[in-house]
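Remarks on the overall topology
Each chain, letter by letter, is given below.
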Amino acid sequence: MNKSMLAGIGIGVAAALGVAAVASMNVFDRSPQYAQVLSATPIKETTKNPRQECRNITLTHRRPVQDENRIAGSVLGAVAGGVLGHQFGGGRGRSVATVAGALAGGYGGNQVQGAMQNNDTYTTTEQRCKTVYDKQEKMMGYDVTYKIGSQQGKIRMDNDPGTRIPLDSNGQLVLNNQA
């Protein structure tokens, strides 16, 4: 074999290997490998969980009254006032003092009995409950707006994708690699 033939075969093999290397590197493949994430908006769901909240309160009650019109106090006061009024004056003045003492004593007895009835109380403890709601937020995912070349799209994802989403060899989003 001559030298020029060997040189031609060597150059041919080198050229073939170079073309194969360039083809395996996808130098001529200009399709994007990632989609650019324009926005990732978190989607949250708020739930309200009801629960009972109870507390004990003290109640003051007035005891039932036997003499609502306070007749006993009025009568006893009138008698005491009349006896006391009768001690003053003489003649007709004594009669006026007795009547005035009876009227004042009747009014006073009525008021004393009323105060005693109002102060005749007892207390009880009662449990009062109400329903309150605890709010809880649950992350549902992310609404992601992305761009591949000049095309824009939207998708809901379980996780925040970051700044870019990988594409497969067909230019489709690779979603199963998201952590």
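Everything discussed here concerns the structure shown above.
Residues numbered from 1 in each chain as written. Predicted model: local features only at pLDDT ≥ 70, side-chain atom pairs only at ≥ 80, totals over all residues. Heavy atoms only, no water.

Thoughts on the pattern of salt bridges
This structure, assessed with the given rule, holds six salt bridges. Glu-137 is the partner of Lys-44 in a salt bridge, and the nearest nitrogen-oxygen pair spans 3.8 Å. Of this pair, Lys-44 sits in strand 1 (residues 34–62) while Glu-137 is found in strand 2 (residues 121–148), placing the two residues 93 residues apart along the sequence. Since its relative accessible area comes to 48%, Lys-44 is described here as partly exposed. Here Glu-53 makes a salt bridge to Arg-51, at a shortest N to O gap of 3.7 Å. For Glu-53, a relative accessible area of 36% puts it in the partly exposed group. Residue Arg-51 is classed as partly exposed on the basis of its relative accessible area, which comes to 38%. By sharing partners, the salt bridges in this structure join Arg-51, Glu-53 and Asp-134 into a single network. (Salt bridge = Lys/Arg side-chain N within 4 Å of Asp/Glu carboxyl O. Helix = DSSP H or I, 4+ residues; strand = E, 2+ residues; numbered from the N terminus. Buried < 20%, exposed > 50% of the residue type's maximum accessible area, 1.4 Å probe, protein only.)

Topic: the packing of aromatic side chains
All told, the structure shown has zero aromatic pairs when counted by the stated rule. Seen from the ring of Tyr-34, Arg-164 lies directly overhead, with NZ or CZ sitting 3.7 Å from the centre. (Phe/Tyr/Trp six-rings, centres within 6.5 Å; stacked < 30°, edge-to-face > 60°. Lys NZ or Arg CZ within 6 Å of the ring centre and 35° of its normal.)

Here we look at the packing of helix 2 (residues 71–86) against helix 3 (residues 92–118)
Between helix 2 and helix 3, the shortest axis-to-axis distance is 6 Å and the interhelical angle comes to 150°. Here helix 2 is positioned roughly antiparallel relative to helix 3, judged by the angle of their axes. Considering only the axes of helix 2 and helix 3, their crossing is right-handed. For the pair helix 2 and helix 3, contact is made by Ile-71, Ala-72, Gly-73, Ser-74, Gly-77, Ala-78, Gly-81, Gly-82, Gly-85 and His-86 and by Arg-94, Ala-97, Thr-98, Gly-101, Ala-102, Gly-105, Gly-106, Gly-109, Asn-110 and Gln-113, respectively. Partitioning the contact of helix 2 with helix 3 into residue classes produces five nonpolar, 14 polar and one charged. (Axes fitted to C-alpha atoms, helices over the stretch in contact; angles between N-to-C directions. Parallel < 35°, antiparallel > 145°, perpendicular 65-115°, else oblique. Left-handed = near helix turned anticlockwise from the far one by under 90°. Contact = heavy atoms within 4.5 Å. Nonpolar A, V, L, I, M, F, W, Y, C, P; charged D, E, K, R; others polar.)

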